[in-house]
Structures are given as structure tokens and as C-alpha cells.
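Fold and geometry: a report
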Amino acid sequence: MESFFKLAQVRRSTRKYKPDVIPVDIITKLQQVLLMSPASKRSNPWEFIFVDDKEILTLLADCKPHGASFVKDAPLAVVIIADPAKSDVWVEDTSIASIYVQLAAEDMGLGSCWVQVHKRMHASGEMSSEYIKKILGIPQHFEVESIISIGYKNETRSEFDLEQLQYSKIHTNTYSPKS
Ligand SMILES: Cc1cc2nc3c(=O)[nH]c(=O)nc-3n(C[C@H](O)[C@H](O)[C@H](O)COP(=O)(O)O)c2cc1C
């Protein structure tokens, strides 16, 4: 990827994946990027579960009624969890890790999508995080922020059109309401 700017412009959520397995050296790089994510006070409250088992991926895809079904067809999902006792800003820390791994995946020729877990519910009414903790054997004191599905793209998304960006959301010095 020629630059971070271009990476930001071409990254779009990818929900359709080829079945191709992701090579081990790329998985290792994704893991290293995650471990280099910024975290408040370097408290590193996060941990990361790499899932490539089809049966487990299928169970994860059922973590909420909408917006997760494509996880079952991804060759890889990274479940991003944190111990809230280690940081009062674990949501921020895990969110940064989530987007870091998405950008790293894009940079390595892969597509990805964020699946929101924190504050979401399973169809049964239990919290999605509790459902996932049971499936993956995650200790009770952890929280689950997200699942990031990753794989080689099987869909084409257009890059951002710089002319169409919401420039009205940018303010200089003071907040200036735009009509
Ligand atoms: C915090 C957050 C939560 C998201 N949760 C989901 C989700 O649960 N399911 C899903 O399909 N996409 C999810 N997305 C992806 C967004 O829907 C997507 O980023 C948005 O539609 C813009 O599309 P783009 O990423 O292609 O620019 C999430 C994105 C963010 C940042």
C-alpha cells in the first residue's frame, strides 16, 4: 500500500470472503499489529482470540440476530476481549485494536468487517458477550468488544470519493453550524 491516506480511502467493510486460508506469516503479522495497538497508560487490557475452526465460526455468526451471519463464511475471526479491571477505558483500547487489525488486514490484501458485540444481544435475550464467552471458554471477568472477520475479498467495494466526504463536519477554531 503506497500510503496511509490511500489505505484509508480504499478500506471498506468486506462481508463476502473467498474460502482461501490466510498464510501463517500474515496471521503472525496481524497478531503483532494487535500487540502494538495503542492503549491508555500501556495497560494493555485486551486479549485476542484467533478463530479458524469452522464450527466455532458458525457459532460466533449466531452471536446476534443481525450483522454477524457472514462470520461463518470467513476463514478467520479475531475476537477482541478485555479485562475492565485493567483499564477504565477498555472500550477505547479494544476499539483501537479493532480498527488497527482491520487496517493491517487491508494493507496485506485482505478484507474485514467489524461485528459489534459489546452492548448487543443474542436472539435468546442473553448478552452477545455472555454467549461468546461460553463458546470460547473466556473467563467471566472479561468483556467482549468485537469480532473482526477477515478473509480474501469476494466482493468489490468502491473507494471513498474525496468529493463526497462530509466536509461540513469539520470545524476550525470554534464550532460553526452549517446549514
Ligand atoms: C463500532 C462499529 C461497529 C460495527 N458493527 C457492525 C456489525 O455488527 N455488523 C456489520 O456488518 N458491520 C458493522 N460495522 C461496519 C459498519 O457497518 C461499516 O463500517 C459502515 O457501514 C461503513 O461502511 P465501510 O466500513 O465500508 O466504510 C461496524 C463498524 C463500527 C465502526
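Described in the following lines is the structure provided in the data block. Fair warning: this is a prediction, and the values are worked out from it, not measured in the lab. (Residues numbered from 1 in each chain as written. Predicted model: local features only at pLDDT ≥ 70, side-chain atom pairs only at ≥ 80, totals over all residues. Heavy atoms only, no water.)

Comments concerning the overall build of the chain
Along its length, the chain carries five helices and four strands. Counting helices and strands in the order they occur from the N terminus, the chain gives α-α-β-α-β-α-β-α-β. A compact globule built from 179 residues would reach a C-alpha radius of gyration of about 16 Å, and the chain, at 17 Å, matches this within 12%. Referenced to the eigenvectors of the C-alpha coordinate spread, the extents of the chain come out at roughly 50 × 40 × 30 Å. Buried residues in the chain amount to 40% of all 179 residues. Put simply, of all contacts in the chain between residues at least 6 apart along the chain, 76% involve residues at least 24 apart. Carbon and sulfur atoms form 54% of the exposed surface of the chain, whose accessible area is close to 10,200 Å². (Helix = DSSP H or I, 4+ residues; strand = E, 2+ residues; numbered from the N terminus. Rg over C-alpha atoms; globule rule 2.2 N^0.38 Å. Buried < 20%, exposed > 50% of the residue type's maximum accessible area, 1.4 Å probe, protein only. Contact = heavy atoms within 4.5 Å. Areas by Shrake-Rupley, 256 points an atom, 1.4 Å probe, with all protein chains shown as cover.)

Notes on unusual backbone geometry
Although it is not a glycine, K119 sits at a positive phi angle of roughly 75 degrees. Turning to its location among the elements, K119 is positioned in the loop between β3 (111-116) and α5 (128-136). Classification of K119 by relative accessible area gives exposed; the value is 64%.

Comments concerning helix α2 (residues 24-35)
An ideal rise of 1.5 Å per residue puts 16 Å on 12 residues; α2 measures up with 17 Å between its terminal C-alpha atoms. What α2 keeps buried is the set I26, I27, L30, V33 and L34. The buried residues of α2 occupy one face: seen down the axis, they fall within an arc of 120 degrees. Projecting away from the buried face of α2 at angles above 90 degrees are the exposed residues V24 and L35. As for α2, its buried residues are in contact with β1 (46-51), β2 (76-82), α4 (90-107) and β4 (143-151). (Expected span 1.5 Å × (residues − 1). Arc of directions from axis to C-beta.)

Quick notes on the nonpolar core
Formed by 22 residues in total, the largest nonpolar core has its most connected members in L60, V71, V79, I132 and I147. Secondary-structure elements contributing two or more residues to this core are α3 (54-60), β2, β3, α5 and β4. In terms of residues, this core owes the most to one element, β2, which gives three residues. Among all residues touching V71, those that are not within four sequence positions of it are L57, L60, A61, A77, V115, I147 and S149. In terms of nonpolar packing, the next biggest core, distinct from the first, is built from 19 residues, L30, L34, A105 and I148 among them. (Core = buried A, V, L, I, M, F, W, Y, C linked by side-chain atoms within 4.5 Å.)

So, the packing of aromatic side chains
In the structure shown here, the tally under the stated rule is one aromatic pair. Centre to centre, the rings of W46 and F48 are 5.2 Å apart; their planes meet at 35 degrees, and the pair counts as tilted. Directly above the ring of F160 sits R12, whose terminal nitrogen or CZ lies 4.7 Å from the centroid. (Phe/Tyr/Trp six-rings, centres within 6.5 Å; stacked < 30°, edge-to-face > 60°. Lys NZ or Arg CZ within 6 Å of the ring centre and 35° of its normal.)

Re the site of the ligand
Taken together, 13 residues are adjacent to the ligand, and S13, R15, K64, G67 and W114 come closest. Residue K64 places a side-chain N or O atom 2.5 Å away from an oxygen atom belonging to the ligand. Isolated, the ligand exposes 620 Å² of accessible area, and the fraction of that covered by the protein chains is 61%. For the shell around the ligand, the residue count by class is five nonpolar, three polar and five charged. (Near = heavy atom within 4 Å. Polar contact = N/O pair within 3.5 Å; in protein donor to acceptor, adjacent residues only side chain to side chain. Nonpolar A, V, L, I, M, F, W, Y, C, P; charged D, E, K, R; others polar.)

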